[in-house]
Amino acid sequence: MPVKIETAAELAADTGQLPGNASLQDKAVHALRQVMDPELPLNIYDLGLIYGLTLDDANRTATLTMTLTAPNCPVAEELPKQAQAAVAGATGYTTRVVLTFDPPWDKTKLPLEAKLALGLL
């Protein structure tokens, strides 16, 4: 399941800006929302490609678990690097990406808003 959107991240999605007191989690989610899927007109977060984001404040590390829309995705090498750079840039933490295909992504992973944006409803 995608990471739960925090209030500040929801605000960022609506206004494009985060409040000054946004948490690192909010900043990371906001950064992930700037990484666009090259084939679909949505960002990787709202597409449901992010399965988890764990921040370890003590070690200043982040672990991002994500998937791709398909194992043979044409940007299979680039998209995880973009996600890694986005989280690292937003948090200042060393970021590791765990790429998984379990469970495989499908359009049921899309939130209602994304389904509407893609004309799937």
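Residue indices follow the written sequence of each chain, beginning from 1 at its first position. Residue-level local features of this predicted model are given only where pLDDT is at least 70; pairs of side-chain atoms are given and counted only at 80 or more, and the full residue set underlies all totals for whole chains, interfaces and linings. Hydrogens and water molecules were not included; the side-chain quantities draw on all heavy atoms of the structure.

Any chance you could explain a nonpolar patch on the surface here in plain terms?
On the surface, Leu-112, Leu-116 and Leu-121 cluster together into a nonpolar patch covering about 340 Å² of accessible area. Following the sequence through the fold, Leu-121 ends up in the segment after helix H4 (112-117). Each patch is built from residues that are more than 30% exposed by relative accessible area and take part in no salt bridge. Like charges join if they lie within 9 Å; nonpolar side chains (Val, Leu, Ile, Met, Phe, Trp, Tyr) join within 5 Å. Exposure was quantified through the Shrake-Rupley algorithm and a 1.4 Å probe, taking into account, for residues, occlusion by the shown protein chains and nothing else. The term salt bridge refers to a pairing of a side-chain nitrogen on Lys or Arg with a carboxyl oxygen on Asp or Glu at a separation within 4 Å. Each helix is a run of H or I in the DSSP string that is no shorter than four residues. Each strand is a run of E no shorter than two, and both are numbered from the N terminus.

I would appreciate a short explanation of the environment of Thr-67 in the present structure.
Mapped onto the elements, Thr-67 comes out in the loop between strand S2 (61-66) and helix H3 (78-91). Between buried and exposed lies partly exposed: a residue is buried under 20% and exposed over 50% of the maximum accessible area for its type, with that area taken using a 1.4 Å probe on protein chains only. Judged by relative accessible area, which is 0%, Thr-67 ranks as buried. For the pair Thr-67 and Gly-48, spaced 19 residues apart in the sequence, the C-alpha separation amounts to 8.5 Å. Contacts are assigned to residue pairs with any non-hydrogen atoms lying within 4.5 Å of each other. Residues in contact with Thr-67, not counting those within four places in the same chain, are Leu-49, Tyr-51, Leu-99, Thr-100, Phe-101 and Trp-105. Contacts described as polar in this section are N or O atom pairs within 3.5 Å, which, within protein, must combine one atom able to donate a hydrogen with one able to accept it, while residues neighboring in sequence count only if both atoms come from side chains. Here the side chain of Thr-67 touches Thr-100 through a polar contact of 2.7 Å, landing on its backbone oxygen.

Teacher, can you tell me more about the environment of Leu-99 here?
Within the secondary structure layout, Leu-99 lies in strand S3 (residues 94-99). When its relative accessible area of 38% is taken as the criterion, Leu-99 is described as partly exposed. In sequence terms Leu-99 and Leu-49 are 50 residues apart; their C-alpha atoms lie 9.9 Å from each other. Each residue touching Leu-99, except ones within four places of it in the same chain, is listed here: Met-66, Thr-67, Leu-68 and Pro-80.

In this structure, what is going on with the nonpolar core? I would like to understand it.
Soluble globular proteins tend to bury their nonpolar side chains together. Leu-32, Ile-44, Ile-50, Leu-64, Met-66, Leu-79 and Val-87 are the most contacted members of the largest nonpolar core, which has 27 residues in total. Of all elements in the fold, only helix H2 (24-32), strand S1 (50-56), S2 and H3 reach the threshold of two or more residues within this core. By nonpolar core we mean a set of buried residues, namely Ala, Val, Leu, Ile, Met, Phe, Trp, Tyr and Cys, connected to one another through side-chain atoms within 4.5 Å.

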